[in-house]
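This is what each chain is made of:
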Amino acid sequence: MASRLILKNLSKRHLFCSSFASRSASTLVLAEHEGGSIKAPSLSAVVAANSISQDNSVSILLAGSGSSLQQAAQMAATCHPSVSQVLVADSDKFAYPLAEPWAKLVQLVQQKGGYSHVVATSGSFGKNILPRAAALLDVSPVTDVVEINGPQQFVRPIYAGNALCTVRYTGASPCMLTVRSTSFPVPPISVDSKSDGAPISQVDLSTLDEDSIGRSRYIKLSSEDTDRPDLGSARIVVTGGRALKSAENFKMIEKLAEKLGAAVGATRAAVDAGFVPNELQVGQTGKIVAPELYMAFGVSGAIQHLAGMKDSKVIVAVNKDADAPIFQVADYGLVGDLFEVIPELLEKLPEKKG
């Protein structure tokens, strides 16, 4: 079990925190949406926001344009009983989630709403926007939170996940957090748990400074066309390492994933070798996953990779090297040649039912 390192900030701003803690918490969640639905990691951010305090008021901020934004707002209004308000910024400026306009939007909404906390997930969306917004608001964000012990006390991993650090926020309001979605699972919510959805309000964008949001532009989105589940939220993940030797051989991992209805992952070494695109990278500098089943083929178990998958419920590893570090975290391990093991699995596993 990882040890905990308790850090205390005894700066002169510590006197401020007593008044900060005494007032009621109100949290703004920066939510990502696609195709009229809230993305699963953003729902985890709502769960995290709800755990900040018992009397916490949670507002969800959505930005974009068109009918899909309105559909996402309707979903957000009923996604969790703790949601008290949905704020919608409907403008072509937010057609794509660029950091500059989003950061200015967060600054604008915070200045009007005076929230005690601002929460986003630790994915590319949150990591892109939150630090810039924190700079505009002149506060220091707390990143990669895996546990919330109160309005100002949080647990986050350090040393590539080998230790957990308990930190106390003593800075000015708002306290800005990125949270790991895998640490805040979304519980099933019955239809009757909240009969009426939260009110949906439009954000007044008339005072948004347009000069500061036009310094970057959207070029294109490159993504794989596949029916496989999303890597960040899949129940089963099949990952390949550099031992696969080529992009052609990596297709064996993809075939196995298709049979299992799983997402495909890769180590940084496999990504750097050009076997697969970097959106499939699992690890400290890739995606953090915690599926029910994680299967690793030809993965040595570098500390950076383990940081991204060791919270998986069941870990299965196949590697020729009996001393590979991956076996130290695996629930089931097989010392063998993946070029023999994978074809045998493909032969014996039934086809996935459509």
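The structure this text deals with has already been given above.
Here is what the cut-offs are and how they apply
- Residues numbered from 1 in each chain as written.
- Predicted model: local features only at pLDDT ≥ 70, side-chain atom pairs only at ≥ 80, totals over all residues.
- Heavy atoms only, no water.
- Helix = DSSP H or I, 4+ residues; strand = E, 2+ residues; numbered from the N terminus.
- Contact = heavy atoms within 4.5 Å.
- Areas by Shrake-Rupley, 256 points an atom, 1.4 Å probe, with all protein chains shown as cover.
- Salt bridge = Lys/Arg side-chain N within 4 Å of Asp/Glu carboxyl O.
- Pairing = 2+ DSSP bridges.
- Axes fitted to C-alpha atoms, helices over the stretch in contact; angles between N-to-C directions.
- Phe/Tyr/Trp six-rings, centres within 6.5 Å; stacked < 30°, edge-to-face > 60°.
- Buried < 20%, exposed > 50% of the residue type's maximum accessible area, 1.4 Å probe, protein only.
- Patch = residues over 30% accessible without salt bridge, like charges linked within 9 Å, V, L, I, M, F, W, Y side chains within 5 Å.
- Arc of directions from axis to C-beta.

Things to note about the overall build of the chain
The number of helices and strands found in the chain is ten helices and 18 strands. Taking the intrachain contacts of the chain between residues at least 6 apart in sequence as the baseline, contacts between residues at least 24 apart amount to 70%. Surface exposure of the chain reaches about 17800 Å², of which carbon and sulfur atoms provide 49%.

Quick look at the pattern of salt bridges
In this structure the tally under the stated criterion is nine salt bridges. For Arg-180, the salt bridge identified is with Asp-144, shortest N-O distance 3.8 Å. Here Arg-180, found in the loop between β12 (175-179) and β13 (200-202), pairs with Asp-144, found in strand β8 (residues 142-145); they are 36 residues apart in sequence, far enough to count as distant. Note that Arg-235 is salt-bridged to Glu-292, the shortest N-O span being 3.3 Å. Of the two residues, Arg-235 sits in the loop between β13 and β14 (236-240) while Glu-292 sits in the loop between α7 (268-272) and β16 (293-297), which places them 57 residues apart along the sequence.

Digging into the environment of Val-179
Along the polypeptide, Val-179 turns up in strand β12. The spacing of Val-179 and Ala-120 is 59 residues in sequence and 6.4 Å in space, taken between C-alpha atoms.

Here we look at the sheet that holds β8
An order of β8-β12-β7-β2-β5-β6-β13 is seen for the seven strands of this open sheet, with the pairing classed as parallel. Bordering the open sheet on either side are β8 and β13, each of which pairs with just one other strand. Averaged over all adjacent pairs, the angle separating strand axes in this sheet is 25°, with direction ignored. In terms of strand pairing, strand β6 (residues 83-90) meets β13 through three bridges, oriented parallel. Bridge pairing in β13 links Val-88 to Gln-202. Lying on the sheet, helix α2 (residues 40-50) is in contact with β2 (26-30), β5 (57-64), β6, β7 (117-121) and β12; it crosses β2 at an angle near 170°. Against the sheet, helix α4 (residues 99-113) engages β2, β5, β6, β7 and β12, with an angle of about 145° to β5.

What to know about the packing of aromatic side chains
Inspection of every chain in the model, using the stated rule, returns two aromatic pairs. Plain terms: the ring middles of Tyr-96 and Tyr-218 are 3.6 Å apart, the flat faces sit at 0° to each other, and that makes the pair stacked. With Tyr-96 in the loop between β6 and α4 and Tyr-218 in the loop between β13 and β14, the pair connects residues that are 122 residues apart, well separated along the chain. Both rings, one in Trp-102 and one in Phe-125, keep their centres 5.3 Å apart while their planes meet at 85°; by these two values the pair is edge-to-face. Taken together, the residues Trp-102 in helix α4 and Phe-125 in helix α5 (residues 124-137) connect sequence positions 23 residues apart. In this structure, Trp-102 and Phe-125 share a single accessibility class: buried.

Some thoughts on α2
Extensive coverage of α2 is indicated by the burial of eight of its eleven residues. Those residues of α2 lying buried are Ser-42, Leu-43, Ser-44, Ala-45, Val-46, Val-47, Ala-48 and Ala-49.

Some points on a nonpolar patch on the surface
A cluster of nonpolar side chains, namely Tyr-96, Tyr-218 and Leu-221, defines an oily patch on the protein surface of about 320 Å² accessible area. Given the relative accessible area of 32%, Tyr-218 is considered partly exposed.

Structural notes on the pairing of β2
Look at any regular strand and the pattern is simple: side chains alternate between the two faces of the sheet. Taken across its five residues, β2 has five buried, putting it largely inside the fold. Here β2 shows no split at all, with Ser-26, Leu-28 and Leu-30 on one side and Thr-27 and Val-29 on the other all buried. In this sheet, β5 lies alongside β2 in parallel orientation, the contact comprising five bridges. Following the sheet pairing, Thr-27 is matched in β5 by Val-58. Here β2 pairs with β7 via three bridges, running parallel. In the strand pairing of β7, Thr-27 is matched with His-117.

Structural notes on the environment of Ser-91
Tracing the backbone through its elements, the reader meets Ser-91 in the loop between β6 and α4. Along the chain, Ser-91 and Leu-205 lie 114 residues apart, while their C-alpha atoms are 8.5 Å from each other. When sequence neighbours within four positions are dropped, the list of residues in contact with Ser-91 reads Gly-64, Ser-65 and Leu-205.

Side note on helix α3 (residues 67-77)
Among all positions in α3, only Leu-69, Ala-72, Ala-73, Ala-76 and Ala-77 are buried. Angular distribution of buried residues about the axis of α3 spans 140°; they occupy a single face of the element. What points out from α3, more than 90 degrees from its buried face, is the exposed set Ser-67 and Gln-74.

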